[in-house]
Amino acid sequence: MRMTYRRLALGVLGGSLLVTLLGCGGDEPAESAEEAPAVESATKARERVQAYLDAVAAKDVAAGRSQFCAVMQPAFDAVATGPSGDFADHFEVSQAQITEVGPGPRGEEVSARVLVTTDADEVIRPLLFTVTRDGADWCIASETPGSTAPASTGTLEPTETQPPPSPQSEPAPLSAP
């Protein structure tokens, strides 16, 4: 009877050791499978925001509007080309860079900084975009003023920085107040 328990214990121990040795790489694909959607969502979020920043720099209102979720497009239409809107005629976006992408409470959060030139003034505007999945597609769900913390990379060098205004749910204007 003792031999049976000892053999059973050794068999279980040996079997679990064998499974551990052979299966040590078995958990990696599961972790990679979990990481794949996170990488995909961060990539899609970055692409949407970059397309929007490119549209702002090019003053292409239709391309900018198409990056927003359908529910946000009426708010975009109301402010985008107004005197303080992202597509206002009296300023130019000479540089724009994405500084960080990461998960947030409502989707992927993408931080960006844009260098806005109005007449002789240059101002850096930090922006925070929330990008979500809408069916099979990704879209910008909100744009708000971002943090004034310095970017970890890039070449934007402000001559003046602007304190962040209170958060809002509509697209934030890029121009200086």
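Computed from a predicted structure; not experimentally measured. (Residues numbered from 1 in each chain as written. Predicted model: local features only at pLDDT ≥ 70, side-chain atom pairs only at ≥ 80, totals over all residues. Heavy atoms only, no water.)

A look at the pairing of strand β3 (residues 121-134)
Link 1 in the chain: In this sheet, β3 lies alongside strand β2 (residues 107-118) in antiparallel orientation, the contact comprising 11 bridges. Counterpart to Thr-117 in the pairing with β3 is Glu-122.
Link 2 in the chain: What sits between β2 and β3 in their antiparallel hairpin is a turn of 2 residues, with Asp-119 showing a positive phi close to 50°.
Link 3 in the chain: Sheet topology note: the β3/strand β4 (residues 137-145) ladder contains 8 bridges and is antiparallel. Within β4, the position partnered with Thr-130 by the bridge is Ser-142.
Link 4 in the chain: As consecutive antiparallel partners, β3 and β4 are separated by 2 residues, and within that stretch Gly-135 has a phi angle of approximately 70°, a positive value. (Pairing = 2+ DSSP bridges. Helix = DSSP H or I, 4+ residues; strand = E, 2+ residues; numbered from the N terminus.)

Topic: the environment of Ser-41
Link 1 in the chain: Mapped onto the fold, Ser-41 is located in helix α2 (residues 27-58).
Link 2 in the chain: Given a relative accessible area of 9%, Ser-41 falls into the buried group.
Link 3 in the chain: Remark: the alpha-carbon pair of Ser-41 and Glu-108, spanning 67 residues in sequence, is separated by 7.0 Å. (Buried < 20%, exposed > 50% of the residue type's maximum accessible area, 1.4 Å probe, protein only.)

Quick notes on the sheet that holds β4
Link 1 in the chain: Strands sit in the order β1-β2-β3-β4 across an open sheet of 4 strands; the sheet is antiparallel. The sheet terminates laterally at β1 (92-104) and β4, the two strands that pair on one side only. When strand polarity is set aside, the average angle formed by the axes of neighbouring strands in this sheet is 25°. (Axes fitted to C-alpha atoms, helices over the stretch in contact; angles between N-to-C directions.)

Focus on the confidence of the model for the protein
Link 1 in the chain: Predicted confidence across the protein gives a mean pLDDT of 74, with 63% of residues reaching 70 or more.
Link 2 in the chain: By mean pLDDT, the top-scoring element of the protein is helix α3 (residues 61-65) (97), and the lowest-scoring one is helix α1 (residues 2-23) (41).
Link 3 in the chain: Confidence drops under a pLDDT of 50 for residues 4-31, and excluding neighbours within four residues, the segment shows 2 contacts in the predicted structure.
Link 4 in the chain: Low pLDDT, under 50, characterises residues 157-177; the stretch is placed with 64 contacts to residues that sit more than four places away or in other chains. (pLDDT = per-residue confidence, 0-100. Contact = heavy atoms within 4.5 Å.)

Overview of the pairing of β1
Link 1 in the chain: By the bridge criterion, 11 bridges tie β1 to β2 in an arrangement that is antiparallel. Residue pairing for β2: Ala-96 is matched across the bridge by Val-114.
Link 2 in the chain: Hairpin geometry of β1 and β2 is characterised by an intervening segment of 2 residues between the two adjacent antiparallel strands.

Some thoughts on the packing of aromatic side chains
Link 1 in the chain: Scanning all chains against the criterion turns up 6 aromatic pairs.
Link 2 in the chain: Ring centres of Tyr-52 and Phe-87 lie 5.9 Å apart, and the angle between their planes is 85°; this geometry places the pair in the edge-to-face category. Placement of the pair is Tyr-52 in helix α2 and Phe-87 in the loop between α4 (73-79) and β1, with a sequence separation of 35 residues. Each member of the pair, Tyr-52 as well as Phe-87, carries the same accessibility label: buried.
Link 3 in the chain: Ring centres 5.4 Å apart and planes at 40° place the aromatic pair Phe-68 and Phe-76 in the tilted group. (Phe/Tyr/Trp six-rings, centres within 6.5 Å; stacked < 30°, edge-to-face > 60°.)

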